[in-house]
Amino acid sequence: MDKSKIYVGSLNSLDTVRQGEQLVDTIELVEITLREEVVFDARLTLSQKAQLAKALDDLGVPTLQLHAQGCKEVISACRDAGVRARMEVECRPYHPYGYANWKEEIRVAVGSGADLVHPSITTPRKWILGEPAMSVEGIKQRALDAVKLAFDLGAPKVTLGFTDAPRTDLGFLIETGRMAGEAGASTLVLNDTVGVAKPSLMRFLVQKVTRETGVKVRVHCHNDFGLGTANTLAALDAGAGGAEVAVNGSDPARSGIAPLAEIVMALMCLYEKDLGYATEKLTEVSRLFSKCTGMPIDEQKPIVADRNWMYKRDHIMRTIVLDESIQFPYSPGLIGQSFQIDLGRGVGAVGVGTKLRQLGLDVPEAMVARLVDQVNEAAVEKKRRLTDAEFRALAEQLRRSL
């Protein structure tokens, strides 16, 4: 971690501010893009899946999670591509997708060569609506049976997930989690499936379940109230051993889950917790995902969107060209970005002059004010900032008119 490139100030590090933080020594992020791929509108090819996995592996993500559907072929392609990350396969011991029964899905997961097998139990209310004959006690037993079956079939490690954990009876979570731990499950995953938790609840759940079961806890936080990142950080701050994240937060359900880039950079800059990732590849991975899936990067997406690193008004431009720490929370180079001029409405002479020099365009100083007016007018007309090509065309047209 190059602390000289982080500009968040010193108040985050005050002892009184950090009091109560319980971050564990090793935090494991589990990247679930390849799991959610089965419901993306784009059907990724095996080659694209391996390409995404390799990019995430090169970034430093330790564990990639897949869906059981086609997992053997995906894992094989990833290994052929040189992916070293651990592979975790999620399976559901209820209503299995595309399999004759829940046991077959676990057999497929184990037979794929996965490093971890992840049965995921849905909330009793939802399960009983789908299978009226299943009791709460039956669901507990199914969870235990799923863990035991995975081990009996040869799974190296097993994690157990709980969907909709914040709306599930706490006693059920603790008792089922304790049973799973006694059967050998190494991790319990608390999924905030519809994003209903607030940060204080995530802290409580992590601490309570960890203490009462003796098993490491991982979280999976959805963003329905815009709290996916905040809830994930609260859970990690409370001692969770890991979290599930996705590139651009692009889980296809509703508003998505905690984004990979936000969690990595928040831990590094705000908590001084460097996970050892090659953060300069974060923007590259974000763009690759967008290209493969057709899912655009929101213009104001934190961390990876270009607009985070743009300024245009003169009073800001005068300072940022001298010292980027005045306007940025950290150097854009840390995530593979660079400072850019926003050629939109409100750009002034400093921004336009800087862009002219960047592009090597020769416009007399006396004509810069006219070019500023033209850029502003064009941005209003187009209802967006200008591209470099459009700016170049305006500048060259002005120069020819002299």
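Here, every reference points to the structure presented above.
Figured I'd write up the structure that's included with this text. (Residues numbered from 1 in each chain as written. Predicted model: local features only at pLDDT ≥ 70, side-chain atom pairs only at ≥ 80, totals over all residues. Heavy atoms only, no water.)

Below, the discussion takes up the layout of surface pockets. Space left empty within the atom packing is revealed by a probe, the size of a water molecule, rolled over the atoms. The space that makes up the second largest pocket amounts to roughly 200 Å³. Along the wall of the second largest pocket there are 13 residues; nearest its centre are M265, P302, I303, P329 and Y330. The element best represented in the lining of the second largest pocket is helix α11 (residues 260-270), accounting for 5 residues. Across the lining of the second largest pocket, the residue classes break down as 10 nonpolar, 2 polar and 1 charged. (1 Å grid on protein atoms, 1.4 Å probe; cavity = no way out; pocket = protein on both sides within 12 Å on 5 of 7 lines; lining within 4 Å. Points joined across faces, edges and corners; volume = space filled by probe spheres on them. Helix = DSSP H or I, 4+ residues; strand = E, 2+ residues; numbered from the N terminus. Nonpolar A, V, L, I, M, F, W, Y, C, P; charged D, E, K, R; others polar.)

Time to look at the pattern of salt bridges. If you walk through the whole model with that rule in mind, you get 28 salt bridges. The shortest N-O distance in the salt bridge between E244 and R218 comes to 2.8 Å. Of this pair, E244 sits in strand β8 (residues 242-245) while R218 sits in strand β7 (residues 216-221); the two residues are 26 residues apart in sequence, bridging distant segments of the chain. The two residues E244 and R218 agree in class, both being buried. (Salt bridge = Lys/Arg side-chain N within 4 Å of Asp/Glu carboxyl O. Buried < 20%, exposed > 50% of the residue type's maximum accessible area, 1.4 Å probe, protein only.)

Following the criterion strictly, the structure yields 3 cavities of 30 Å³ or more and no others. By volume, the largest cavity is sized at about 90 Å³. Of all elements in the fold, only α11 and α12 (282-293) reach the threshold of two or more residues within the lining of the largest cavity. A breakdown of the residues in the lining of the largest cavity according to their chemical character gives 10 nonpolar, 2 polar and 2 charged. The volume enclosed by the second largest cavity comes to roughly 50 Å³. Taken together, the residues that form the lining of the second largest cavity break down as 4 nonpolar, 2 polar and 2 charged.

Grouped together as the largest cluster of nonpolar side chains are 117 residues, with contacts concentrated most on L29, L260, M265, L356 and L371. Tallying contributions element by element places α11 first for this core, with 9 residues. (Core = buried A, V, L, I, M, F, W, Y, C linked by side-chain atoms within 4.5 Å.)

Together, L11, L14 and V17 make up an exposed nonpolar region whose accessible area comes to about 280 Å². Within the secondary structure layout, L11 lies in the segment before α1 (15-18). What makes L11 exposed here is its relative accessible area of 60%. (Patch = residues over 30% accessible without salt bridge, like charges linked within 9 Å, V, L, I, M, F, W, Y side chains within 5 Å. Areas by Shrake-Rupley, 256 points an atom, 1.4 Å probe, with all protein chains shown as cover.)

For D164, which is not a glycine, the phi torsion comes out positive at approximately 55°. Residue placement: D164 occurs in the loop between β5 (159-162) and α8 (170-182). Residue K383 is not a glycine yet carries a positive backbone phi of 60°. Mapped onto the fold, K383 is located in the loop between α15 (368-382) and α16 (388-400). A residue is classified by how much of its surface remains accessible, and K383, at 76% relative accessible area, is exposed.

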